[in-house]
Every structure is written in C-alpha cells, then in structure tokens.
Amino acid sequence: MKKVLAKITAITVMSALAVTAFAGCGSSSNSNDSSDASFDTSKTITVVTREEGSGTRDAFTELTGVLVKDGDTKTDNTVSSAVTINSTEAVITNVKDNDSAIGYISLGSLNETVKAVKVGSVEATAENVKSGDYAISRPFNIAYKSNLSEVAQDFVDFILSSDGQKIVTDEGYVTVSDGEAYSGKKPEGKISVAGSSSVSPVMEKLAEAYMAVNTNAKIEIQTSDSSAGMQAAMEGTCDIGMASRELKDEELSALTSTTIAKDGIAIIVNKANTCDDLTVDQIKAIYTGETTVWSDIIK
Amino acid sequence: MQGVFFLTALASIAAVAVICIFLFINGIPAMAEIGVFDFIGGQKWAPSNVPASYGIFNMIVASVYVTAGAIVIGVPIGILTAVYLARFCPKPLYKVLKPATELLAGIPSIVYGFFGLMVIVPFIRDNFGGNGSSWLAASIVLGIMILPTIIGVSESALRAVPESYYEGALALGATKERSVFKTILPASKSGVLAAVVLGIGRALGETMAVVLIAGNQVQIPSRLTDGLRTLTANIVMEMGYSTGLHRQALIATGVVLFIFILLITISMQAIKSRSEKHG
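The numbers attached to residues start from 1 for each chain and follow its sequence in the written order. To read the labels, note that chains go from A and ligands from 1, taken in the order they are written. Reporting of local features is limited, given that this is a predicted model, to residues whose pLDDT is at least 70; pairs of side-chain atoms are given and counted only at 80 or more, and all residues count toward the totals for whole chains, interfaces and linings. Only hydrogens and water are set aside; all other atoms, that is, all heavy atoms of the structure, feed into the side-chain values.

**Description of the overall build of chain A**
Turning to step 1, where the next piece is worked out: Strands are runs of DSSP state E lasting at least two residues, helices are runs of H or I lasting at least four, and both sets are numbered from the N terminus onward. Each helix and strand counted, chain A has 10 helices and 13 strands in total.
Turning to step 2, where the next piece is worked out: Any two residues whose heavy atoms approach within 4.5 Å at even a single point are treated as in contact. Within chain A, residue pairs in contact and separated by at least 24 positions form 74% of the contacts whose partners lie at least 6 positions apart.
Turning to step 3, where the next piece is worked out: Carbon and sulfur atoms provide 49% of the accessible area of chain A, an area that totals close to 14,000 Å². The protein chains shown are the only cover counted for residues, whose accessible areas, like all others here, come from Shrake-Rupley with a 1.4 Å probe.

**Brief notes about the pairing of strand β2 (residues 67-70) of chain A**
If a strand is regular, its side chains alternate between the two faces of the sheet.
Residue and element names in this part refer to chain A.
Turning to step 1, where the next piece is worked out: By definition, two strands form a pair when at least two bridges between them are found by DSSP. Sheet topology note: the β2/strand β3 (residues 73-76) ladder contains four bridges and is antiparallel. Among the inter-strand pairings, Val68 is bridged to a residue of β3, identified as Thr75.
Turning to step 2, where the next piece is worked out: Linking two consecutive strands that pair antiparallel, namely β2 and β3, is a turn of two residues; a positive phi of about 60 degrees is found at Gly71 within it.

**Examining the interface of chain B and chain A**
Turning to step 1, where the next piece is worked out: Each partner contributes residues to the interface: chain B has 28 residues there, and chain A has 27 residues.
Turning to step 2, where the next piece is worked out: Salt bridges are defined by distance alone: a side-chain nitrogen of Lys or Arg within 4 Å of a carboxyl oxygen of Asp or Glu. Applying the counting criterion to the chain B and chain A interface returns zero salt bridges.
Turning to step 3, where the next piece is worked out: Among the elements that line the side of chain B that touches chain A, the one with the most residues is helix α4 (residues 91-106) of chain B, at five residues.
Turning to step 4, where the next piece is worked out: Amino acids outside the nonpolar list (Ala, Val, Leu, Ile, Met, Phe, Trp, Tyr, Cys, Pro) and the charged list (Asp, Glu, Lys, Arg) are all regarded as polar, and Gly is one of them. When grouped by side-chain class, the residues that make up the side of chain B that touches chain A number 14 nonpolar, nine polar and five charged.

**What about the confidence of the model for chain B?**
Residue and element names in this part refer to chain B.
Turning to step 1, where the next piece is worked out: As a per-residue measure, pLDDT reflects the predictor's confidence and takes values from 0 up to 100. Confidence in the prediction for chain B averages 92 pLDDT; 99% of positions are at 70 or higher.
Turning to step 2, where the next piece is worked out: Across chain B, the element-wise mean pLDDT spans from 88 in helix α13 (residues 244-277) up to 96 in helix α6 (residues 135-145).
Turning to step 3, where the next piece is worked out: As scored by the predictor, the complex reaches a pTM of 0.78 and an ipTM of 0.80.

**What about the pairing of strand β10 (residues 217-224) of chain A?**
Residue and element names in this part refer to chain A.
Turning to step 1, where the next piece is worked out: Of the strand pairs in this sheet, strand β9 (residues 189-196) and β10 are connected by eight bridges, and their pairing is parallel. The partner of Ser192 across the bridge, within β10, is Glu220.
Turning to step 2, where the next piece is worked out: Here the term right-handed applies to a crossover when the path leading from its first strand over the helix to its second strand runs clockwise, the strands being oriented away from the viewer. At this point the chain moves from β9, through helix α7 (residues 200-213), to the parallel β10, and the crossover so formed is right-handed.

**Quick word on the packing of aromatic side chains**
All names here are of chain A.
Turning to step 1, where the next piece is worked out: For Phe, Tyr and Trp, where Trp contributes only its six-membered ring, two rings pair if their centres lie within 6.5 Å, and the inter-plane angle classes them as stacked under 30 degrees, edge-to-face over 60, or tilted in between. One pass over the full model with this rule turns up 13 aromatic pairs over all chains.
Turning to step 2, where the next piece is worked out: Geometrically, the ring pair formed by Phe39 and Trp294 is edge-to-face, given 6.5 Å between the ring centres and 65 degrees between the ring planes. Of this pair, Phe39 sits in the loop between α1 (2-34) and β1 (46-50) while Trp294 sits in the segment after α10 (280-288), placing them 255 residues apart in sequence. Exposure class is identical for Phe39 and Trp294. Each is buried.
Turning to step 3, where the next piece is worked out: Here the aromatic rings of Tyr182 and Tyr210 are separated by 6.1 Å at their centres, their planes lie at 80 degrees, and the arrangement is edge-to-face. Separated by 28 residues along the polypeptide, Tyr182 in the loop between α6 (162-170) and β9 and Tyr210 in helix α7 bring together distant segments of the chain. Considered together, Tyr182 and Tyr210 belong to a single accessibility category, that of buried residues. Throughout this description, buried means an accessible area under 20% of the type-specific maximum (1.4 Å probe, protein chains only), exposed means over 50%, and partly exposed covers the range between.

**Re the environment of A:Met234**
Residue and element names in this part refer to chain A.
Turning to step 1, where the next piece is worked out: Inspection of the secondary structure puts Met234 in helix α8 (residues 226-235).
Turning to step 2, where the next piece is worked out: In this structure the C-alpha to C-alpha distance between Met234 and Leu148, which are 86 residues apart in sequence, comes to 12 Å.
Turning to step 3, where the next piece is worked out: The contacts of Met234, once residues within four sequence positions are left out, are Lys145, Glu250, Glu251, Ala254 and Leu255.

**Looking at the confidence of the model for chain A**
Turning to step 1, where the next piece is worked out: On average, residues of chain A score 84 in pLDDT, and 87% of them reach the 70 mark or higher.
Turning to step 2, where the next piece is worked out: A low-confidence stretch, residues 16-36 of chain A stays under pLDDT 50, and its non-local contacts, those more than four residues away or across chains, total four contacts.

**A closer look at the packing of helix α3 (residues 57-88) of chain B against helix α10 (residues 189-205) of chain B**
Residues and elements named next belong to chain B.
Turning to step 1, where the next piece is worked out: A fitted line through C-alpha atoms serves as each axis, taken over the contacting stretch for helices, and the angle formed by two N-to-C directions is quoted from 0 to 180°. With their axes 9 Å apart at the nearest point, α3 and α10 run at an angle of 140 degrees to one another. When the axis of α3 is compared with that of α10, the two are oblique. Classified by chirality, the crossing of α10 by α3 is right-handed. Contact with α3, carried on its side by Ser63, Thr67, Ala70, Ile71, Val75 and Ile79, involves Val192, Val196, Ile200, Ala203 and Leu204 of α10 and no other residues of that element. Note that the term roughly parallel is reserved for angles under 35 degrees, roughly antiparallel for angles over 145, roughly perpendicular for angles of 65 to 115, and oblique for everything else. Put simply, a crossing is left-handed when the front helix is turned counterclockwise from the back one by less than a right angle, and right-handed when it is turned clockwise.

**Digging into α3(B)**
Turning to step 1, where the next piece is worked out: How far a helix is expected to stretch is found by multiplying one less than its residue total by 1.5 Å. Compared with an ideal rise of 1.5 Å per residue, which puts 32 residues at 46 Å, α3(B) spans 45 Å between its outermost C-alpha atoms and is within 8% of the ideal.
Turning to step 2, where the next piece is worked out: Axes are fitted to the seven residues ending at a residue and to the seven starting at it; the angle between these axes is taken as the bend at that residue. Its maximal kink placed at B:Gly74, α3(B) deviates by approximately 30 degrees, while the proline B:Pro76 follows within four residues.

**Notes on the pattern of salt bridges**
Oppositely charged side chains can form a pair if their charged atoms are brought close together.
All names here are of chain A.
Turning to step 1, where the next piece is worked out: In this structure the tally under the stated criterion is 18 salt bridges over all chains.
Turning to step 2, where the next piece is worked out: For Lys43, the salt bridge goes to Asp99, with nearest N and O atoms at 3.0 Å. Of the two residues, Lys43 is situated in the loop between α1 and β1 and Asp99 in the loop between α3 (88-97) and β5 (101-106); the sequence distance between them amounts to 56 residues.
Turning to step 3, where the next piece is worked out: Residue class for Lys43 comes out partly exposed when judged on its relative accessible area of 32%.
Turning to step 4, where the next piece is worked out: Since its relative accessible area comes to 18%, Asp99 is described here as buried.
Turning to step 5, where the next piece is worked out: Its salt-bridge partner being Arg57, residue Asp76 comes within 3.1 Å of it at the nearest N-O pair. One end of the pair, Asp76, is in strand β3; the other, Arg57, is in helix α2 (residues 55-64), with 19 residues separating them in the sequence.

**Brief notes about the nonpolar core**
Residue and element names in this part refer to chain B.
Turning to step 1, where the next piece is worked out: Counting residues in hydrophobic clusters, the biggest one holds 42 residues, and the most contacted among them are Ile79, Val141, Leu142 and Leu158.
Turning to step 2, where the next piece is worked out: Contributing elements (two or more residues each) for this core: α3, α5 (109-128), α6, α7 (147-159), α9 (176-187), α10 and α11 (208-213).
Turning to step 3, where the next piece is worked out: Beyond its immediate chain neighbours, meaning those up to four positions away, Leu158 contacts Ala82, Val83, Ala86, Ile184, Leu185 and Ser188. To qualify as a nonpolar core, a set must consist of buried Ala, Val, Leu, Ile, Met, Phe, Trp, Tyr and Cys residues joined through side-chain atoms within 4.5 Å.

**Overview of the packing of helix α12 (residues 231-238) of chain B against α13(B)**
Residues and elements named next belong to chain B.
Turning to step 1, where the next piece is worked out: It is the contact of α12 with α13, at a shortest axis distance of 9 Å, that shows an interaxial angle of 150 degrees. Taken together, the axes of α12 and α13 are roughly antiparallel relative to one another. Note that α12 runs across α13; the crossing there is left-handed. Touching Leu231, Thr232, Asn234, Ile235 and Glu238 of α12 are His246, Leu250, Thr253, Gly254, Val256, Leu257 and Phe260, all from α13.
Turning to step 2, where the next piece is worked out: The class makeup of the residues in the contact of α12 with α13 is six nonpolar, five polar and one charged.

**Comments concerning unusual backbone geometry**
Turning to step 1, where the next piece is worked out: In this chain, B:Val50 is followed by B:Pro51 through a cis amide linkage whose omega measures -5 degrees.
Turning to step 2, where the next piece is worked out: Tracing the chain through its elements places B:Pro51 in the loop between β1 (45-46) and β2 (53-54).
Turning to step 3, where the next piece is worked out: Unusually for a residue other than glycine, A:Ser121 sits at a positive phi of about 65 degrees.
Turning to step 4, where the next piece is worked out: For A:Ser121, the position within the fold is in the loop between β7 (118-119) and α4 (126-131).
Turning to step 5, where the next piece is worked out: The exposure class of A:Ser121 is exposed, given its relative accessible area of 52%.
Turning to step 6, where the next piece is worked out: Of note, B:Asn216 is a non-glycine position whose phi angle comes to about 65 degrees, a positive value.
Turning to step 7, where the next piece is worked out: Of note, B:Asn216 is situated in the loop between α11 and α12.

Next comes the structure, spelled out in structure tokens:
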C-alpha cells in the first residue's frame, strides 16, 4: 500500500511539473505575439524548404527557377542552410513560430495562422491560379490522340465532371471546370495512363474513383515525367499522357490536351512580417542564398 | 513445454536475421551502384538532381555530433544522479525520484520532439541566435532522453559494489563524498561505461524527436546553433516519396546506421566480458 501511495505521489509531482512547463511555454508564446508589432528587418531570413522528392518542392523549385535545367542535367540550387521539413503542417508551424521565416505550401493547405505574400503583386488565390495570373502555378494537363477509345473518353469526361473535380479539390489543387455530375455509359475496357510524377498522385485517386463507378474499366498508371508521358501518348504506347506543364508546339500538333487541374504554391511568411509582395526573382534569390536578410527586400 | 520456450526464443533471432537480410539485400546493391566511397565519403545529397548525388558523409558526421552533444549533456547529469540515488538520497525522496526518472523513459519520443519544438527551439532562437532548430536543440533533448538509461544502469552498477570498499575508505578517514568518488565509482567503472554506451546507442538511433528540432540541413555545422540532418532523420524524411535508387540509397543509409549500432553492441559486449573477468 505504501509503495502504491509513493508511486501516486511521484506521478502527481511529475504531472504538476509538466503542467507548469507547458504553462510556461504558453505564456512565452504570448509574449512573442505582443512583440510582433515591430518587425526586425535586420534579421537573417530563415529559409524553410521541403525534403527532396516532395512534389511541392519539385513544383516550387521548377517554377521559381531554383532548379536549373541545362540540357540533360538538373541542379537544385536550394541554399544548404535551408531548414528542411517533411510535412506541410510542420512548414506552417515553423513559419508561424519564427517571425523571420519564409516557406512554401500547396495553395489548398493555406490557413489563417500564416500570411501568404503576393507574387508580382498578384494575390495567391484559387481564382488567380485558375486565370493564370498567379506566377507560381502550373497546369496539370492530360493529352491524347484523336482516336481515343470509348472507355478512355468516358474517363476524361469523369475527370472533368463535378465528381472528378471534387477529388481534385480534395487533393489540394484548384479546379478548372464546373462540369455536371458524371453520367457515363460505363463502357468496358482498359486504359493506360503515363507521365508526370506530379500529376500521378491525383490521377491515381481519380482512377480509383472511376473504377469504383465503372467496374468494367481497368486503368493502369505509369509514372515517369511529363516529356516521357507526351512521347508515349504520341507513339500510342499509352492512351492518355500526363504533363505538369504546358504542352510544346510539336506535342500540340499531334495531341489534344485538356487541363484537368491547376497546382498553385503559396509563399508564406510570419504574420508579423511586414513584407506583402515578392517578385519571383526575389523568391529565387532568397532560396538560392543570394538574399539573406529581410532588410534587402523590405526597404 | 520447453519447445514453446525454444520457439519464442527463435522468434527474436528470426526477426534480427530477417531485418539484416532485408537491409543488406536492398542496401548493398545501391551502395555498389553509387560507389561505396561516393556514398559514405560524398558531401552532396541531391537525389532529385540529374545526375543525382547520394553522399551521406555530412549525415554521418551530424549523427556523431548530435550524439556527442547528448553525451556531454546527459552523462554528467546521469552519473551524478545515479551516485546520489545510490549513496546519498534519503529514503522518502528516493521513493519520488526513482519513479520520476523511470517515468522519463516512458515518455514517447514524439512528445520529447514536440516539447523541444515548442520550448527549447524558441529559447535558443531568442537567446543564442540562429533559427533555433539546431545541433544544440537536438543535443539537449537527446541528453534528457538518455538520462533514464544512464541513471538506471549506473545506479545498479554502483549498488553492486561491495559495501566493504566504502566502509574501508571511511575507516581510513576519507569523507563520505571522497569514499564514493574514489572507491565506489572507480570500482563500478565498467558498469557505468556500459551505461554510457547504451546511452550512445539510444541517442544515435533516435528519430522522431530529432527530425522535429534539428533543422535537417545536409551540412556539417560550424556552430552549435546551426542545423544538421542525422542518418535517421534522412531516412524518415524522404522515405515517403522516394522511388528507385533514391529509396535504395535510403535503405543503404539504414545499413550504415545498422553497422554503427552493431559496433556499439560489440563494444558493449566487450565491456561486459571484461567486467566479468575482473569480477
């Protein structure tokens, strides 16, 4: 009995300690909030990036020019001192807690705790991504030859229907069409899809949903990159090619393309940061380590 | 009935064997493809580049640095706590202190990481500069995490020393402190060393807490406030999206980590057998 009592006492003491520790943390963050009124521009910029292989990082580095392509070589020039984080939520937390931080997230994940800056004076909103005014965005295109099979055409209709576009929204992307609900004839057949690894996660979700609706269809998805996908579609080795960029002229001459979704990336800073507007070049300079302090940007 | 015991004993051996086979089958070809020297000695980790670079040297150094930092923080506190618990602590206080140190071992590592992220990282950012996510933050949190291991193992080592050593020292006129630090602590040397080695193993393998607070930059830090990426953090961060050679390179990172842990286990065994020999 005595032993049990002692243990209970110990646990109570420990939890009391823990509670005070957390209370301490709460009050310190409050005091941070109150000091937010004056933003210190002489601070070094904390660059927050995503891990290698993340689709968001791929899109960001490509669209801002941090990724340099030269012939067959691709070099990601993200500054080596950038804090690397492996989830969107943790990027938001980091930027929320550190007033000199800058990060990027998919537009669909943006919330109130951080501030999305304008890029080239264009606000980061779904409308601006849809219209193409927002610079750090890219289309997700599918492309196919004119002799598309009945079942593949039906799948394309499904993607553009309200059912398909709802999946696009759920995955954090911006929709492109306000189609009606899917009402296909559910034809039988096999569809092969190939191309961009950025498009394939959402394509997999779309294929899953389509196969649940049309149990007669079978969809195979091969993941490579946009150019390989277009090549395969032109050669006829797949029915539908996927590309996370606009199609080139020689591809457009052989293929019909449809945009199925748009991917926008929001550049986020701490709410205390007085910077509201960055150009793509400034963002690139921050991420390649050319610009290191906020006072170089906020004049 | 003995057959059942035998089978359960086999289960853990089988698990170790399967993990070993998995690691080496998947990791060794990747190492061969990248080049063992380029893999272990390379300073550039850029799996998305074309051509890609898979060098983990900076992460090996980072793992060693973080572990060293944790040892610097955790070992003195741990050993002195063990000495206090074993020789000086009044009984009523012991009944509180001992379960408290054991409770420390039961806290999930993600909670340590979260604590570090909310308390230690902002503290370092405000007082020492940098962005807070750093070598120092990771070492402090790991130093706390290895405390229960070090305290527990060294306390039992201290208690195993025959009472006559202590009494002999007292009889020669030494003070209580002098007797403890000059006779009991040296006599339990190998046990305490084993505690430190176990602590190193724990710090080296820790992942979830470190990934939250170390910043994860692939670089060799030049200051305590710089960030770094450990071997474990590299695996857990990039496994999700990786494919092909990138994924294999991550498994090969696991092989390197496995070899580290193997070395620690072997040195642990060596210390153990030495202490048995010396009585």
